[in-house]
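Residues per chain, in single letters:
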Amino acid sequence: VRLTIDKVMVGLGTASPVSATLPSGALKFVHPFDVVSGKTTVLVMDFNADQSVQVTGNGSIIVKPVIQLSTK
């Protein structure tokens, strides 16, 4: 699964959300799953913000997503 990301906004604490950088511009998942005709396939993406958001020394925000993908 590949998701293209156009815009990332991050709110730290009580501050208003600001633009952040996602270095690759996309999220890529390598996780096997089956799509069966007539059935619903559910992908659950659990995003861990504490581990994914980095503030640089100049105040820029970089998002390097830490995501668990599971299927139901």
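As the structure is a prediction and not an experimental result, all values here were calculated from the model.

Thresholds applied
Residues numbered from 1 in each chain as written. Predicted model: local features only at pLDDT ≥ 70, side-chain atom pairs only at ≥ 80, totals over all residues. Heavy atoms only, no water. Helix = DSSP H or I, 4+ residues; strand = E, 2+ residues; numbered from the N terminus. Rg over C-alpha atoms; globule rule 2.2 N^0.38 Å. Buried < 20%, exposed > 50% of the residue type's maximum accessible area, 1.4 Å probe, protein only. Core = buried A, V, L, I, M, F, W, Y, C linked by side-chain atoms within 4.5 Å. Contact = heavy atoms within 4.5 Å. Polar contact = N/O pair within 3.5 Å; in protein donor to acceptor, adjacent residues only side chain to side chain. Patch = residues over 30% accessible without salt bridge, like charges linked within 9 Å, V, L, I, M, F, W, Y side chains within 5 Å. Areas by Shrake-Rupley, 256 points an atom, 1.4 Å probe, with all protein chains shown as cover. Salt bridge = Lys/Arg side-chain N within 4 Å of Asp/Glu carboxyl O.

(A) View of the overall build of the protein. Of the regular secondary structure elements, the protein holds 1 helix and 8 strands. Start at the N end of the protein and walk to the C end: the helices and strands fall as β-β-β-β-β-α-β-β-β. For 72 residues, the compact-globule formula gives about 11 Å, and the C-alpha radius of gyration of the protein, at 15 Å, lies well above that figure. If one aligns the C-alpha atoms of the protein with their principal axes, the spans along those axes are about 50 × 25 × 20 Å. Per-residue burial for the protein yields a buried fraction of 15% across its 72 residues.

(B) Highlighting the nonpolar core. One finds Val8, Val10, Ala20, Leu22, Leu27, Phe29, Ile61, Val63 and Leu69 forming the largest nonpolar core, which totals 9 residues. Elements represented by at least two residues in this core include exactly strand S2 (8-10) and strand S7 (61-63). Aside from chain neighbours lying at most four places away, what touches Phe29 is Val1, Leu3, Met45, Ile67 and Leu69.

(C) Layout of the environment of Asp6. Here Asp6 lies in the loop between strand S1 (2-4) and S2. When the C-alpha atoms of Asp6 and Ser16 are compared, they prove to be 19 Å apart, with 10 residues separating the residues in sequence.

(D) Summary view of the side chain of Ser52. Structurally, Ser52 can be placed in helix H1 (residues 49-52). A polar contact is formed between the side chain of Ser52 and the backbone oxygen of Asn48, at a distance of 2.6 Å. At 2.7 Å, the side chain of Ser52 forms a polar contact with the backbone nitrogen of Val66. Those residues within four positions of Ser52 in sequence are excluded, and the remaining contacts are Phe47, Ile62, Val63, Lys64, Pro65 and Val66.

(E) Inspection of a nonpolar patch on the surface at higher detail. A cluster of nonpolar residues, Val1, Leu3, Phe33, Val35 and Met45, forms a patch on the protein surface that exposes about 400 Å² of accessible area. Note that Met45 resides in strand S5 (residues 43-47). By relative accessible area, Met45 is classed as partly exposed at 37%.

(F) Seen up close, the environment of Asp34. Position of Asp34 among the secondary structure elements: in the loop between strand S4 (26-28) and S5. A relative accessible area of 64% places Asp34 in the exposed class. Residues Asp34 and Thr71, spaced 37 residues apart in sequence, show a C-alpha to C-alpha distance of 9.1 Å.

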